[in-house]
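Report on the structure
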Amino acid sequence: MVFLPFLALYLPYVLSNNNFSNINLPPEHLPYYFTAFPEVANQCREAPECSFKNYTDTVKHWGYELGHNWGEPQYSTPDCPGDHKGWVRTKLDQLKTFYIQGDFGFVKQQLREMKVLCQPVFPDDSILECSDHLRYCRGRNIMINFTRLIERKEPIRYKMDVLREGDIVGHCTLKKEEFEVQTDHISALQSWGPELRFFTEIPQRPIQDGLCDVVIEKPTYIMKIDATVNMYHHFCDFLNLYASLHLNHHAETFSTDVHVLIWETFTYHSTFEATWQAFTQHPLWDLKTFKGETVCFKNVVFPLLPRMIFGLYYNTPIIYGCKKSGLFHAFSKHILHRLQIPIYKRANRKIQVTLLSRDTKYRRILNEKELLQSLKDDESIEVKRVVYNRDISFKEQLEITANSDVLVGVHGAGLTHLLFLPDWAAVFEIYNCEDANCYADLSRLRGLHYVTWRDKDKLKSESDGTYEGGAHAKFVNYSFDKEEFKELLKEASDYVRSHPKFKGFIVNAANEQRRDEL
């Protein structure tokens, strides 16, 4: 594997104190980790307490490594059976385009772009390096001055004036012209330009010369996050944070012994708060934590952001005809593993169907009982109706989703749960409410089969007249034709039933059951 030449000076490629408990990864990810860090593999082989020895000799590459070439084995290769509709010239170009747009190829692109913007001379100097447009950055021995926050009376969220000239500094040689070129995406959630444009070179060493009120020893991820009430938008934050772990390439990159500082003064609250457990074992910080202080970070990461131009996944332009992103697949497995979501053993071959029922004002299924009643005689499926609200913890929601074969629901953020369905699953977005690409594209990225309503003559919308924004498909409720609903659900179920991974899952479950009986 080829790395940028200066990284070895600043980043560890071995585990400190043989702390193998920090390698808390899904078993299928372990060979990729040990291949990426052969020094850690050697540590494990020689350490009696390392329980991962069976994973240290299998060579597997994620695919984003700078020394890895297309065509060599990698974590996942996109599936592109469909027509690209004129985007590119060849099938190979189609595959590569999807891989760069929404897969580990996106990570590789950021790695290729990485450049030192503030150059150290000695190992204990500051350093700042970033990808193009300051979409992803990381630094060492960086000082941020939060003393002016005392003067701020209004709450801070999505503000681009939190820092001023000289509020973020380091002892290194700033490449001013190159730095200015990169500060071209100035928008709150598009890049770190609004903050890092004020980076200043200083003659003192912040930590050694005692300029800091607080010194943060552990690595810190500074996060600018999207809407925390909406699963679709908030999981853009988590997916980009996961991709940033891969970008921040060192032996303890997947450790949870790190801090997270959220770049706002609002105290964090979210239904999805448990997801942070996949990334940090410490309480979340916000800007109030260090109000009035100068803080030095020995290691700081500014991760990929949720609304980057052509970013992941809110603004991802996906080429036609492709699906199955390895990055999205790995993210799904990582979250389910870290949150310890159980996968049930199956006692039968019935397709597990989960219907997302809405308790919101709009986009409710008015004839939901009728649709569910029409499925009762179908012995090939088991249907569970759920309402994913605050009455069900997020981990419980994930447990239901991860053990579903078909996820059914009207357009809404709850369908973001599709990220955590099994690999063989299907998504039935009953009606996309004229937002045709949103969950169809997310399903493609996750590699799932997608079905939605086709005949608008077989659905009826009903407005209560309270929405004043004009007629809009997202602000009404719906009734659906019973027979058409059953036909589309059958299409989704048949796909699952014929999927090789589903068949293998059922066979393995049956074999385990026989072994248990014996």
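Residues numbered from 1 in each chain as written. Predicted model: local features only at pLDDT ≥ 70, side-chain atom pairs only at ≥ 80, totals over all residues. Heavy atoms only, no water.

**Digging into the sheet that holds strand 12 (residues 351-356)**
The strand order 13-12-14-15-16 describes an open sheet built from 5 strands, whose pairing is parallel. In this open sheet, the two strands that pair with only one neighbour each are strand 13 (381-386) and strand 16 (449-452). Direction aside, neighbouring strands of the sheet carry axes that sit 20° apart on average. Here strand 15 (residues 426-429) runs beside strand 16; their pairing, made up of 4 bridges, is parallel. By the bridge assignment for strand 16, glutamate 429 is matched with threonine 452. (Pairing = 2+ DSSP bridges. Helix = DSSP H or I, 4+ residues; strand = E, 2+ residues; numbered from the N terminus. Axes fitted to C-alpha atoms, helices over the stretch in contact; angles between N-to-C directions.)

**Overview of the state of the cysteines**
Applying the stated criterion across every chain, the model contains 5 disulfides. Here cysteine 44 engages in a disulfide with cysteine 50; their sulfurs sit 1.9 Å apart. Because the torsion about its S-S bond is -80°, the bridge between cysteine 44 and cysteine 50 counts as left-handed. The burial state of cysteine 44 is the same as that of cysteine 50; both residues are buried. Linked covalently through their sulfurs, cysteine 80 and cysteine 322 form a disulfide whose S-S length is 2.0 Å. Where cysteine 80 bonds to cysteine 322 through sulfur, the torsion about that S-S bond is close to 110°, and the disulfide is right-handed. With cysteine 80 in the loop between helix 3 (38-46) and helix 4 (91-102) and cysteine 322 in the loop between strand 11 (294-302) and helix 9 (326-338), this pair connects stretches of sequence that are 242 residues apart. In this structure cysteine 322 comes out as buried when scored by relative accessible area, which is 1%. Cysteine pairing for the protein (bonded cysteines numbered in sequence order): 1-2, 3-10, 4-7, 5-6, 8-9. Summary of cysteine pairing: cysteine 236 is not part of a disulfide, and the nearest cysteine sulfur, belonging to cysteine 438, is at 9.1 Å. Here cysteine 433 stays unpaired: no disulfide links it, and the sulfur of cysteine 438, its closest cysteine neighbor, is 11 Å away. (Disulfide = S-S within 2.5 Å. Buried < 20%, exposed > 50% of the residue type's maximum accessible area, 1.4 Å probe, protein only.)

**So, the pairing of strand 14 (residues 406-409)**
Side-chain alternation along strand 14 places Val406 and Val408 on one buried face and Leu407 and Gly409 on a second face that is also buried. Of the strand pairs in this sheet, strand 12 and strand 14 are connected by 3 bridges, and their pairing is parallel. Residue pairing for strand 14: leucine 355 is matched across the bridge by valine 408. Examined bridge by bridge, strand 14 and strand 15 share 4 bridges and lie parallel to one another. By the bridge assignment, glycine 409 is partnered in strand 15 with glutamate 429.

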